[in-house]
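Summary of the model geometry
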Amino acid sequence: MNIVLTGSLGRIGQPLTQKLLEKNHTVTVISSSPERKDEIEKLGANPAIGNIEDRDFLTKTFTGADVVYLMEPPVNFRDENQDMKTFWTDIAENYKQAVQKSGVQKVVHLSSIGAHTDEGNGMLNVHHHVENILRDLPENVSIKFMRPVGFYYNMYAFIPTIKAQRTIIQNYGGVEKEPWVSPLDIAAVISEEMDTPFEGRTIRYIASDEASPNEVAITLGEAIGIPDLTWTVISDEQFENGLLDVGFSPQAAKGLTEMNAGRRNELYADYNQNKPELGNVKLTDFAKDFAAVYHKS
């Protein structure tokens, strides 16, 4: 198949590109960075250098594709001038128009845990709106919504307080298990979905492992040589103020705080009713990567 990927060669994009090429698909990788051109070509894929905010570029690149993979780019949480919801919904509108004009009929969209609702999920509610924009595409366009859970690598944000206070500090915690995921398992699932029939609009959650915050602290602590590492729960107000103190924009600080607060309530409600088979990369595997980053920081 002829497959077009947004997301350049990021944490998901690179392993996904490699998996699809191994299956002898023709892969075009969209990147805004000209420096990525040679790297994309070395993998055996076709580079398409341009900006996803350019609707004409997207339409041209999508034309002739059997499947397109859509993801929204990361945002800078410290940029007070960037409104994540506006930015991502504008990108989603570009995707929708480009898919429709190009004639593509099969779409895989990287969404997120929390996309089932626009309430009680903080900054994740933008995924709910983006999904709804794509759902406005004609019925002959089949869409697979991929909803990964919390990424392991978000745990790298724990490092400063571990080094300073020998504890992980968040506004949630406890003994209830919650899901985590590796980009490698996300890439594996998306690759699998591209090779299975498309019909209508479907949703698939993606997770690698499940562990409670207390279990996370134990596992990471053992990996970095701090076996007594603890997890400390603070109030939402304290957590939000802490993010503001380290330079997060007010919007990002509020959104992250509300997202974490949702973990104490209904964030995982739909996931728990539609649990996927867990992937291959377990928390203990990630803990080795975490330890390497921790000791280098």
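A few points on the structure. Keep in mind that this is a model prediction, so the values were computed, not measured.

**Quick notes on the pairing of strand E3 (residues 46-49)**
Pairing analysis gives four bridges linking strand E2 (residues 26-31) to E3, with the strands arranged parallel. The residue bridging Ile-30 from the neighbouring strand is Ala-48, located in E3. Handedness of the E2-helix H2 (residues 37-43)-E3 crossover: right-handed.

**Brief notes about the nonpolar core**
In this structure, Leu-5, Phe-62, Val-68, Tyr-69, Val-99, Ile-190 and Met-194 are the most contacted members of the largest nonpolar core, which totals 71 residues. Residue contributions to this core peak at eight residues, all from helix H4 (residues 84-102). In this view, Met-194 contacts Met-1, Ile-3, Leu-5, Leu-20, Val-67, Tyr-69 and Val-108; residues no more than four positions away in its chain are not counted. Counting 23 residues, the second largest nonpolar core, distinct from the first, contains Ile-159, Ala-217, Ile-226 and Leu-229.

**What about the environment of Asn-81?**
Relative to the assigned elements, Asn-81 resides in the loop between strand E4 (67-70) and H4. The spacing of Asn-81 and Ser-249 is 168 residues in sequence and 8.5 Å in space, taken between C-alpha atoms.

**Section: the packing of helix H9 (residues 236-245) against helix H10 (residues 250-263)**
Closest axis-to-axis distance for the H9/H10 pair is 9 Å, and the angle between their directions is 145°. Crossing hand, H9 versus H10: right-handed. Contacts between H9 and H10 pair Asp-236, Phe-239, Glu-240, Leu-243 and Leu-244 from the former with Pro-250, Ala-253, Lys-254, Leu-256, Thr-257, Asn-260 and Ala-261 from the latter. Among the residues making up the contact of H9 with H10, the classes are represented as seven nonpolar, two polar and three charged.

**Things to note about H4**
For H4, built from 19 residues, the straight-helix expectation of 27 Å at 1.5 Å per residue is met to within 8% by its first-to-last C-alpha distance of 27 Å. By the burial criterion, the buried members of H4 are Met-84, Phe-87, Trp-88, Thr-89, Ile-91, Ala-92, Asn-94, Tyr-95, Lys-96, Ala-98, Val-99 and Ser-102. The secondary structure elements touched by the buried residues of H4 are helix H3 (55-62), E4, strand E5 (106-110), helix H5 (125-135) and H10. The N-capping residue of H4, defined by a side-chain oxygen 3.1 Å from the backbone nitrogen of Lys-85, is Asp-83. Once H4 ends, the next one or two residues include Gly-103, with phi positive near 85°.

**Comments concerning the packing of H3 against H4**
The contact between H3 and H4 brings their axes to 8 Å, and the two run at 40°. Here H4 runs oblique to H3, going by the angle between their axes. The interaxial crossing formed by H3 with H4 has right-handed handedness. Note on element contacts: H4 touches H3 through Glu-93, Asn-94, Tyr-95, Gln-97, Ala-98, Val-99, Lys-101 and Ser-102, opposite Arg-55, Leu-58, Thr-59 and Phe-62.

**Brief notes about the pairing of strand E9 (residues 178-181)**
Residues Glu-178 and Trp-180 point to one face of E9 and Pro-179 and Val-181 to the other, with burial holding for every one of them. The pairing of strand E7 (residues 150-151) with E9 spans two bridges and is classified as parallel. If you follow Phe-151 over to E9, its bridge partner there is Val-181. As judged from the three bridges shared by E9 and strand E11 (residues 209-211), these two strands associate in the antiparallel manner. Within E11, the residue paired with Pro-179 across the bridge is Glu-210.

**With respect to the pattern of salt bridges**
Within this structure, the stated rule accounts for 16 salt bridges. A salt bridge links Arg-166 to Asp-228; the nearest nitrogen and oxygen atoms lie 3.2 Å apart. Separated by 62 residues along the polypeptide, Arg-166 in the loop between helix H6 (159-165) and strand E8 (167-170) and Asp-228 in the loop between helix H8 (213-224) and strand E12 (230-233) bring together distant segments of the chain. For Arg-166, a relative accessible area of 44% translates into the label partly exposed. Look at Asp-228 and you get partly exposed, because its relative accessible area is 49%. For Glu-215, the salt bridge goes to Lys-177, with nearest N and O atoms at 2.9 Å. One end of the pair, Glu-215, is in helix H8; the other, Lys-177, is in the loop between E8 and E9, with 38 residues separating them in the sequence. Classification of Glu-215 by relative accessible area gives partly exposed; the value is 31%. One network of salt bridges, in which partners are shared, links Glu-131, Arg-135, Arg-147 and Asp-270.

**Here's the deal with the environment of Lys-177**
Taking the C-alpha atoms as reference points, Lys-177 and Pro-73, separated by 104 residues in sequence, lie 29 Å from one another. For Lys-177, the side chain forms a polar contact with the side chain of Glu-215, separated by 2.9 Å.

**Re the sheet that holds strand E6 (residues 142-148)**
If you walk across this open sheet you meet the seven strands as E3-E2-E1-E4-E5-E6-E10, and the pairing is parallel. Every interior strand has two partners, whereas the edge strands, E3 and strand E10 (201-206), have only one. Adjacent strand axes in the sheet meet at a mean angle of 20°, parallel and antiparallel pairs treated alike. Both E4 and E5 contribute to a ladder of three bridges, which runs parallel. Bridge assignment links Val-68 to a residue of E5, and that residue is Val-107. Relative to the sheet, H5 contacts E4, E5, E6 and E10, its axis offset from that of E6 by approximately 170°.

Reading guide: rules and limits
Residues numbered from 1 in each chain as written. Predicted model: local features only at pLDDT ≥ 70, side-chain atom pairs only at ≥ 80, totals over all residues. Heavy atoms only, no water. Pairing = 2+ DSSP bridges. Helix = DSSP H or I, 4+ residues; strand = E, 2+ residues; numbered from the N terminus. Right-handed = clockwise from strand over helix to strand, strands pointing away. Core = buried A, V, L, I, M, F, W, Y, C linked by side-chain atoms within 4.5 Å. Buried < 20%, exposed > 50% of the residue type's maximum accessible area, 1.4 Å probe, protein only. Contact = heavy atoms within 4.5 Å. Axes fitted to C-alpha atoms, helices over the stretch in contact; angles between N-to-C directions. Left-handed = near helix turned anticlockwise from the far one by under 90°. Nonpolar A, V, L, I, M, F, W, Y, C, P; charged D, E, K, R; others polar. Expected span 1.5 Å × (residues − 1). Polar contact = N/O pair within 3.5 Å; in protein donor to acceptor, adjacent residues only side chain to side chain. Parallel < 35°, antiparallel > 145°, perpendicular 65-115°, else oblique. Salt bridge = Lys/Arg side-chain N within 4 Å of Asp/Glu carboxyl O.

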